[in-house]
Amino acid sequence: MSPNFLLLQAFTGFALGAIYVLLAVGLALVFGLLTVINFAHGAMFAVGAYIGIFVFGLTGNFWISLVIVPLAVGGIGLVVERVLVRPLYGRGIDYPLLLTFGLSYVLLDLIRILWGKQGLPFDAPDALSGAVDIGIGYFPLYRLFLIALTAALLVGLWLFIDKTSYGLVIRAGARDPEIVRVLGIDIARVWLMVFGIGTGLAGLAGMLAAPLQGVFPEMGTPALMVAFVITVIGGMGSLVGAVVAGLLVGLAESFTAIFAPQFSQLSMYVIMVLVLLLRPQGLFGRAGLLG
Amino acid sequence: MMLTVTGLNAWYGRSHVLQGVDLTVGRGEIVSLIGRNGAGKTTTLRAIMGLIARRSGRVEFEGVDILPLPVHRRHRLGIGFVPEDRRIVAGLSVRENLRLGMLAGVDRGAAAAFMASLSGMFPRLVERLDQPADTLSGGEQQMLAIARALASAPKLMMLDEPSEGIMPVLVDEMFQLFGRMRRDGTTILLIEQNVERALGISDRAYIIDQGRIVHQGDAPALLADTAIQERYCTV
Ligand SMILES: Nc1ncnc2c1ncn2[C@@H]1O[C@H](COP(=O)(O)OP(=O)(O)OP(=O)(O)O)[C@@H](O)[C@H]1O
Ligand SMILES: [Mg+2]
């Protein structure tokens, strides 16, 4: 096995990890700030993929879909937070958990009613099909695009959280929502926005994953599992943790796929068990949102 | 009156902690709220700020009944609050904690003016602006909490035991600061364990016991009344 082959496999892992990172960052953001464990996060992933298909069907343009999907799914997230989740704040963590759990089944059935139970194909756009030589060999262009887009989004998110006033409120609100309110800030609006961003990221991840795995109603279930495992590995509510753990799980999955393909789905659980044994709070647990 | 509290009740679960508190604070006054541990001082301020879920009664600020308003709206009306436990946000720098106090209702000019005035009022903070806020000493953290609340130039500043656990030099500095705040036009409602100190700077004071105001009067008169102090203020 040549070093180049291993490097290429690492790139494959990063591409897979990129999608995981987007998914997990959304989940971690919502948990870190709202302490809501969003069980509908996987369903939002699926909704994103289906809205992607829908918009692509209307416009025939992948790029338009790419812009509309996170906005639309984020918009659904805003409605969900405002109408369903908000009345449950202050009642304990299990209320929003049960609510979003139920919501995930409603969304799943809605998808089945609207688009049927059969899976649908979703191709990468022509501009992103094929492979390019990245110096160590040929690598699928679409996967390269996934890595680049995720990197760009993460940089944007980091700038937003680290440099803007909104970000300051988000960081402070994750630590101490009460003092943020005492200082005159309407934290409910911040929570709304963060829930929207979180679900928008899940929707975007769903659409980006579609060309790799196809689109089917139940696609949200394994996605939710992966996102949970990653946030546990990274540390609940830590964005840096979600990024590192997402890439780690992507890499592990892609390497076990060559050496022991039957275990590739299992690899993330092995990592989770190891992390929980050695560092129960997760790799970056209790370090805060950006710690 | 700037603040008029009438028949304020508050509950934690089933326990009825405030049982009809009445108090007023006039514009430009310093008023102290004193009483022994567990008397209901903190609960009174938190209820005025909107941080107690179960409460009833009437709280008027400049003629507006604020009891139904959310916390952030009370701040926007001009009520500043420095809570008992300071609530410095760990993970943020001193500067970021101050900025947090300037996000609501403070324009750029006012923010810049406040930062410029900082060296006169809070010299210790100016030297440490980029230090992580949770590495400040207890006294410095308390100063930061006051500065952060002051940054939006509140009309009424409520402080819950600001001198607790702070070395005497800093306490002196802090009480000088309260005098200065008053001269700058800020009204102050103060909770203090150090009764003599508090009465020394106050115009009037209320004594609270078991969730009720049991005594009120001019600060100098209360300062002279050792019997009352003994009865309600010794631990
Ligand atoms: N979160 C809470 N849950 C239940 N009871 C509480 C809570 N906070 C305060 N209490 C009770 O309410 C009563 C009033 O408390 P409060 O904190 O207002 O007193 P305080 O006058 O500020 O006392 P201290 O001088 O110790 O700060 C006390 O009996 C206290 O035990
Ligand atoms: Mg108290």
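We now turn to the structure provided with this report. For clarity, every value in this text was computed on a predicted model and none was experimentally measured.

Basis of the calculations
Residues numbered from 1 in each chain as written. Chains lettered and ligands numbered in written order. Predicted model: local features only at pLDDT ≥ 70, side-chain atom pairs only at ≥ 80, totals over all residues. Heavy atoms only, no water. Contact = heavy atoms within 4.5 Å. Buried area = accessible area lost by both parts, 1.4 Å probe. Salt bridge = Lys/Arg side-chain N within 4 Å of Asp/Glu carboxyl O. Polar contact = N/O pair within 3.5 Å; in protein donor to acceptor, adjacent residues only side chain to side chain. Helix = DSSP H or I, 4+ residues; strand = E, 2+ residues; numbered from the N terminus. Donors = N, O, S within 2.8 Å, 3.2 Å for Na, K, Ca; no water. Buried < 20%, exposed > 50% of the residue type's maximum accessible area, 1.4 Å probe, protein only. Pairing = 2+ DSSP bridges. Expected span 1.5 Å × (residues − 1). Bend = angle between axes of the 7 residues up to and from the residue. Near = heavy atom within 4 Å. Areas by Shrake-Rupley, 256 points an atom, 1.4 Å probe, with all protein chains shown as cover.

**Points about the interface of chain B and chain A**
Here's step 1: With 22 residues of chain B at the interface, the matching set in chain A holds 17 residues.
Here's step 2: With both chains or domains summed, chain B and chain A bury close to 1,800 Å², and 63% of this area falls on carbon and sulfur atoms.
Here's step 3: For chain B, the biggest contributors to the area lost against chain A are B:H72, B:R87 and B:L100; these three give 28% of the whole.
Here's step 4: Seen at the junction of chain B and chain A, the total is 4 salt bridges.
Here's step 5: Here B:E96 ties to A:R171 by a salt bridge, and the two come within 3.0 Å at their closest N and O atoms.
Here's step 6: Where chain B touches chain A, the interface holds 7 residue pairs in polar contact (both at pLDDT 80 or more).
Here's step 7: Within the residue set of the side of chain B that touches chain A, elements represented by two or more residues are α1 (41-49), α2 (71-77), α3 (94-100) and α6 (138-150) of chain B.
Here's step 8: With 4 residues, α2(B) is the largest single contributor of residues to the side of chain B that touches chain A.

**Considerations on the coordination of the magnesium ion (ligand 2)**
Angles between donor atoms at a metal ideally measure 109.5 degrees for a four-coordinate tetrahedral arrangement and either 90 or 180 degrees for a six-coordinate octahedral one.
Residue and element names in this part refer to chain B.
Here's step 1: All of the protein donors around the magnesium ion (ligand 2) are T42 (OG1) and E84 (OE); their distances to the metal are 1.9 to 2.4 Å. With T42 in helix α1 and E84 in the loop between β6 (79-82) and α3, this pair connects stretches of sequence that are 42 residues apart.
Here's step 2: Note on E84: relative accessible area 35%, which makes it partly exposed.

**Regarding the pairing of strand β10 (residues 212-218) of chain B**
For a regular strand, side chains alternate in direction, first toward one face of the sheet and then toward the other.
Here's step 1: Here 6 bridges tie strand β9 (residues 204-209) of chain B to β10(B), and the two strands are oriented antiparallel to one another. Paired with B:D209 across the bridge in β10(B) is B:R212.

**What about the pairing of β6(B)?**
Residue and element names in this part refer to chain B.
Here's step 1: Taking every second residue as pointing to the same face, both faces of β6 are buried, with I79 and F81 on one and G80 and V82 on the other.
Here's step 2: With 4 bridges connecting them, β6 and strand β7 (residues 156-160) associate as parallel partners. Residue I79 lies in a different strand from β7, and its bridge partner there is L156.

**Describing helix α3 (residues 62-85) of chain A**
Residue and element names in this part refer to chain A.
Here's step 1: With 24 residues, α3 should cover 34 Å at 1.5 Å per step; its first-to-last C-alpha distance of 32 Å lies within 8% of that length.
Here's step 2: By the largest-angle criterion, I68 marks the main kink of α3, which is about 25°, and a proline, P70, follows within four residues.
Here's step 3: If you check which residues of α3 are buried, you get F62, S65, L66, V69, V73, G74, G77, V80, E81 and V85.
Here's step 4: Looking at the buried residues of α3, the elements they touch are α1 (3-34), α2 (41-59), α4 (94-115), α5 (141-163) and α8 (187-213).
Here's step 5: Regarding α3, its N-cap is N61, as a side-chain oxygen of that residue lies 2.7 Å from the backbone nitrogen of W63 further along.

**A word on the site of ligand 1**
Residues and elements named next belong to chain B.
Here's step 1: For ligand 1, the set of nearby residues contains 13 residues, the closest of which are G38, K41, T42, T43 and E84.
Here's step 2: Between ligand 1 and T42 there is a distance of 2.7 Å, counted from an oxygen atom to a side-chain nitrogen or oxygen.
Here's step 3: Residue E161 places a side-chain N or O atom 3.4 Å away from an oxygen atom belonging to ligand 1.
Here's step 4: When ligand 1 sits alone it has 630 Å² of accessible area, and the protein chains cover 59% of it.

**Regarding unusual backbone geometry**
One can expect most non-glycine residues to show negative phi and most peptide bonds to be in trans.
Residues and elements named next belong to chain B.
Here's step 1: Residues other than glycine seldom take positive phi values, yet R87 does so here, at roughly 55°.
Here's step 2: With respect to the secondary-structure elements, R87 resides in the loop between β6 and α3.
Here's step 3: Of the residues examined, R87 reaches a relative accessible area of 19% and is grouped as buried.
Here's step 4: One non-glycine residue, E161, adopts positive backbone phi at about 50°.
Here's step 5: Tracing the backbone shows E161 in the loop between β7 and α7 (168-183).

Nothing here speaks to function; it is all geometry.
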